[in-house]
Amino acid sequence: MLVIWITGTLWAGKGTIVQHLVERYNFQHLSVRSFLIEEIEKRKLPINRDSMTMVANDIRKKFWPESIIESLYEKAKSTWKNTVIESVRAVWEVVSLRNKGFFYLFAVDADSKKRYDRIIARWSESDKFSFAEFMMNEAREMSSNDPNNQNISRCMEMADYVFLNDGSESDLKNQIDNVMDDLI
């Protein structure tokens, strides 16, 4: 069983990597976002970025910093299928996963303006905000000394493979394929 976790800046292409691994390499997909949406719905909160951040941080504080990823890892392990899981956002999540084996961390980044343009193109319910709000959301999630909070920049530094997604979708897929040739 191979488990690939994904981290990266907001709207850099994590979903594109997931889709490619599922379609080309027959990976199953698990999502922190889906996990959080279930919890947000139980709490009767609006489904948006602020609720996701608040609920994720609350779960980490209430149980332990890596509790979300531990739940998803156990689900992947129970199927013993190659699995891609998005996304890792806290340092203790990476530290915990490093002890499990069968694990690689992919990170993806792209120019902030290109990423915001992707948000506008997708425009889902949780994505309706200005460029300034986008930059504030990202700043909030990029670093923290609190192990219960997001620290995407440090997670990206800990990645086994880093992809730059400033080109086309096929450019990103080619980068992934080059890495997958080494992993499988």
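Figured I'd write up the structure that's included with this text. (Residues numbered from 1 in each chain as written. Predicted model: local features only at pLDDT ≥ 70, side-chain atom pairs only at ≥ 80, totals over all residues. Heavy atoms only, no water.)

1. Things to note about the side chain of Asn-137
Checked against the element boundaries, Asn-137 lands in helix 7 (residues 131–142). Among the residues examined, Asn-137 registers a relative accessible area of 9% and is labelled buried. Engagement of the side chain of Asn-137 in a polar contact is seen with the side chain of Arg-140, the distance being 3.2 Å. Apart from residues no more than four positions distant in its own chain, Asn-137 is found in contact with Leu-10, Arg-49, Asp-50 and Phe-129. (Helix = DSSP H or I, 4+ residues; strand = E, 2+ residues; numbered from the N terminus. Buried < 20%, exposed > 50% of the residue type's maximum accessible area, 1.4 Å probe, protein only. Polar contact = N/O pair within 3.5 Å; in protein donor to acceptor, adjacent residues only side chain to side chain. Contact = heavy atoms within 4.5 Å.)

2. Some words on the packing of helix 4 (residues 67–79) against helix 5 (residues 91–98)
Contact geometry for helix 4 and helix 5: axes closest at 9 Å, N-to-C directions at 35°. When the axes of helix 4 and helix 5 are compared, the crossing they make is right-handed. Here helix 4 contributes Ile-69, Glu-70 and Tyr-73 to the contact with helix 5, which in turn contributes Glu-93, Ser-96 and Leu-97. Of the residues belonging to the contact of helix 4 with helix 5, the class tally is three nonpolar, one polar and two charged. (Axes fitted to C-alpha atoms, helices over the stretch in contact; angles between N-to-C directions. Left-handed = near helix turned anticlockwise from the far one by under 90°. Nonpolar A, V, L, I, M, F, W, Y, C, P; charged D, E, K, R; others polar.)

3. Notes on the packing of helix 3 (residues 49–62) against helix 7
The relative placement of two packed helices comes down to the angle between their axes together with the axis-to-axis distance. Orientation of helix 3 relative to helix 7, taken along the N-to-C sense of each, is 10°, at an axis distance of 12 Å. What the angle tells us is that helix 3 and helix 7 run roughly parallel. Of the residues in helix 7, those in contact with Arg-49, Asp-50 and Thr-53 of helix 3 are Asn-137, Arg-140 and Glu-141. Here the contact of helix 3 with helix 7 is built from residues that sort into no nonpolar, two polar and four charged. (Parallel < 35°, antiparallel > 145°, perpendicular 65-115°, else oblique.)

4. Observations concerning the pairing of strand 3 (residues 83–86)
Side chains Thr-83 and Ile-85 of strand 3 all project onto a buried face; the interleaved residues Val-84 and Glu-86 project onto the opposite face, where all are buried too. As defined by bridge partners, strand 1 (residues 3–8) adjoins strand 3 across four bridges and the pair is classed as parallel. What sits directly across from Val-3, in strand 3, is Thr-83. Sheet analysis places strand 2 (residues 28–31) next to strand 3, joined by four bridges and oriented parallel. Looking at strand 3, one finds that Leu-30 is bridged to Ile-85. (Pairing = 2+ DSSP bridges.)

5. Looking at the nonpolar core
Side chains of a nonpolar character, in soluble globular proteins, are inclined to be buried together. Counting residues in hydrophobic clusters, the biggest one holds 29 residues, and the most contacted among them are Trp-5 and Leu-36. Only strand 1, helix 2 (32–42), helix 3, helix 4, helix 5, strand 4 (103–109) and helix 8 (152–157) provide two or more residues apiece to this core. Element by element, the count of residues in this core is highest for helix 4, at five residues. Leave out the neighbours within four places in its chain, and Leu-36 touches Met-52, Val-55, Ala-56, Ile-59 and Ile-68. (Core = buried A, V, L, I, M, F, W, Y, C linked by side-chain atoms within 4.5 Å.)

6. A closer look at the layout of surface pockets
The space that makes up the largest pocket amounts to roughly 590 Å³. For the largest pocket, the lining is made up of 25 residues, of which Trp-11, Lys-14, Arg-33, Glu-86 and Arg-122 are closest to its centre. Looking at the lining of the largest pocket, the elements with two or more residues in it are helix 1 (14–25), helix 2, helix 3 and helix 6 (112–122). Looking at the lining of the largest pocket, the element that brings in the most residues is helix 3, giving five residues. Grouping the constituent residues of the lining of the largest pocket by class yields eight nonpolar, eight polar and nine charged. (1 Å grid on protein atoms, 1.4 Å probe; cavity = no way out; pocket = protein on both sides within 12 Å on 5 of 7 lines; lining within 4 Å. Points joined across faces, edges and corners; volume = space filled by probe spheres on them.)

7. Digging into the sheet that holds strand 2
Strand order across the open sheet formed by five strands is 2-3-1-4-5, with parallel pairing between neighbours. Every interior strand has two partners, whereas the edge strands, strand 2 and strand 5 (161–164), have only one. For this sheet the average axis-to-axis angle between neighbouring strands, irrespective of direction, equals 25°. Packing against the sheet, helix 4 makes contact with strand 1, strand 2 and strand 3, and its axis sits at approximately 160° to strand 2.

8. Here we look at the environment of Ile-59
Counting through the fold element by element, Ile-59 comes out in helix 3. Residue classification places Ile-59 among the buried positions, given a relative accessible area of 8%. In sequence terms Ile-59 and Glu-39 are 20 residues apart; their C-alpha atoms lie 9.4 Å from each other.

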